[in-house]
Amino acid sequence: MKTELLKIDSPQDTENLRRAAEVLRRGGLCGIPTETVYGLAANALDETAVKKIFAAKGRPQDNPLIVHISSTDELPALVREIPPEAKALAAAFWPGPLTMVLPKADCIPDAVSCGLDTVAIRMPSHPIANAIIRTAGIPLAAPSANTSGKPSPTTAEHVLHDMDGKIDMIVDGGACSVGVESTVVTLCTAPPRLLRPGGVTLEMLRDVLGVVDVDKAVLGELERGEKPSSPGMKYKHYSPDADVKLIRGSLASFARYAQTFPVSETLILCFDGEESAFANETIPLGAAADAAAHAQRIFRALRDADERGFKTVLVHCPDDRGVDLAVLNRLLRAAAFQVVDTE
Ligand code: AMP
Ligand code: MG
């Protein structure tokens, strides 16, 4: 299949929006920009189209998809119930990087929910994503547009790298502003529970809802055979081919530890100002306290590691506050939970 790359800079570009919408309406696959990461979209109500997403990504069959809408008016048709907590979260954070898990309506195909009785719904704030959904006039199932297990794509070039020849179209709408996937919270438990951290932080959810539990899988590793509440969390994920290790400890002890690896084969991801402690090539992720910058840069940095042929990536571990909880959650999986305390 020839993959068409289509640049759309403005939601006023109705001509090109119609072309992307047409691909989706006839059951095709289209990579789309969102504020979180690039999505691989298909008509969420078309089982055959949705199955193509799993094939293109090599996604495990038990990992359900998020359904994207362009207005809250589209929500009632997709779910059996909208609890008051969902209304409060939608009022506070939609459109934006928040996904809510709700009881699913019958129109949601099994291919989307992977047999669960629930469906994950999000309303993206990216103007091009919103315009594509609106123009297509259908809800879009869209996981991240990467090969399953690899770092998520934050530019159209990343999508092209993974999906060229496998999907119909990629809409290039520039780089993603948040840089990590949406926050996933389930409202099917009492109290609501955070399943995946993202751009809407735990602190922000608690400001609106009061009590919010944090699923054990957010920072922990599931035991063998343990059933995850969010199937996507069980996999080693977001990983480059290079071996990733998370480093906890002072800069000096990190730098000493780095010397035990071949310098030309080892990339360092650190905070601004730390570069000169290493003889290695480094990619700064922003100031240590700038969690938004860490989120924006992390996936590109992990992809760069492979592009440039590094065998090992050592990452200065962020803390777990604000959006850094999301960065830490992704890094733990990229590192298959290898955390080294260098003190
Ligand atoms: P992705 O779209 O690849 O960023 O992944 C979607 C995430 O949402 C995965 O972690 C899924 O497990 C999670 N998810 C989707 N639908 C549900 C659901 N019905 N219940 C719980 N988690 C879900
Ligand atoms: Mg993904």
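Structure: above.
As a starting point, this report considers the structure included with it. (Residues numbered from 1 in each chain as written. Chains lettered and ligands numbered in written order. Predicted model: local features only at pLDDT ≥ 70, side-chain atom pairs only at ≥ 80, totals over all residues. Heavy atoms only, no water.)

Here the focus is the pairing of strand 6 (residues 118–122). Buried residues dominate strand 6, accounting for four of its five residues. As paired strands, strand 4 (residues 66–68) and strand 6 are joined by three bridges and run parallel to one another. Looking across to strand 6, one finds that H68 is bridged to R122. Judged from the five bridges that link them, strand 5 (residues 98–103) and strand 6 form a sheet pairing that is antiparallel. Opposite P103, over in strand 6, you have T118 as the bridge partner. (Buried < 20%, exposed > 50% of the residue type's maximum accessible area, 1.4 Å probe, protein only. Helix = DSSP H or I, 4+ residues; strand = E, 2+ residues; numbered from the N terminus. Pairing = 2+ DSSP bridges.)

Considered for burial, the residues of helix 7 (residues 202–209) that qualify are L202, L205 and L209. All buried residues of helix 7 lie within an arc of 60° about the axis, which places them on one face of the element. Lining the buried residues of helix 7 we find helix 3 (84–93), strand 5, strand 9 (183–186), strand 10 (193–196), strand 11 (213–214) and helix 10 (324–334). (Arc of directions from axis to C-beta. Contact = heavy atoms within 4.5 Å.)

Attention now goes to the packing of aromatic side chains. Counted under the stated rule, the structure contains three aromatic pairs. Here Y238 and F299 contribute two aromatic rings whose centre-to-centre distance is 5.6 Å and whose plane-to-plane angle is 35°, an arrangement assigned as tilted. Remark: F299 occurs in helix 9 (residues 291–307) and Y238 occurs in the loop between strand 11 and strand 12 (243–248); sequence separation between them is 61 residues. The class for Y238 is buried, based on a relative accessible area of 5%. (Phe/Tyr/Trp six-rings, centres within 6.5 Å; stacked < 30°, edge-to-face > 60°.)

Here the focus is the pattern of salt bridges. Enumeration over the complete set of coordinates arrives at 13 salt bridges. As a salt-bridge pair, E35 and R122 come within 2.7 Å of each other at their nearest N and O atoms. Here R122 lies in strand 6 and E35 lies in the loop between strand 2 (30–32) and strand 3 (39–43), a separation of 87 residues in the sequence. Each member of the pair, E35 as well as R122, carries the same accessibility label: buried. For R80, the salt bridge identified is with D117, shortest N-O distance 3.1 Å. With a gap of 37 residues between them, R80 in the loop between strand 4 and helix 3 and D117 in the loop between helix 4 (110–113) and strand 6 connect regions that are remote in the sequence. On the basis of relative accessible area, D117 is assigned to the partly exposed category, the value being 48%. The structure contains a network of salt bridges with shared partners spanning K7, D9 and D172. (Salt bridge = Lys/Arg side-chain N within 4 Å of Asp/Glu carboxyl O.)

As a further point, take the sheet that holds strand 15 (residues 312–316). One open sheet accounts for five strands, arranged 14-13-15-12-16; its pairing is parallel. The sheet terminates laterally at strand 14 (282–284) and strand 16 (339–341), the two strands that pair on one side only. This sheet shows a mean twist of 25° between the axes of neighbouring strands, independent of strand direction. Taken strand by strand, helix 9 contacts strand 12, strand 13 (266–270), strand 14 and strand 15, and its axis lies near 170° from that of strand 13. Set on the sheet, helix 10 makes contact with strand 12, strand 15 and strand 16; between it and strand 12 the angle comes to about 130°. (Axes fitted to C-alpha atoms, helices over the stretch in contact; angles between N-to-C directions.)

Before going further, it helps to examine the sheet that holds strand 9. Pairing within the open sheet is mixed, and its eleven strands lie in the order 1-8-2-3-7-4-6-5-9-10-11. Among the strands making up the open sheet, the edge pair consists of strand 1 (4–7) and strand 11. In this sheet, strand 8 (residues 169–172) lies alongside strand 1 in parallel orientation, the contact comprising four bridges. Bridged to K7 within strand 8 is D172. Across the sheet, helix 2 (residues 47–57) is in contact with strand 3 and strand 7 (140–141); its angle to strand 3 comes to roughly 155°.

Remember that the coordinates give geometry; whether it matters functionally is a separate question.
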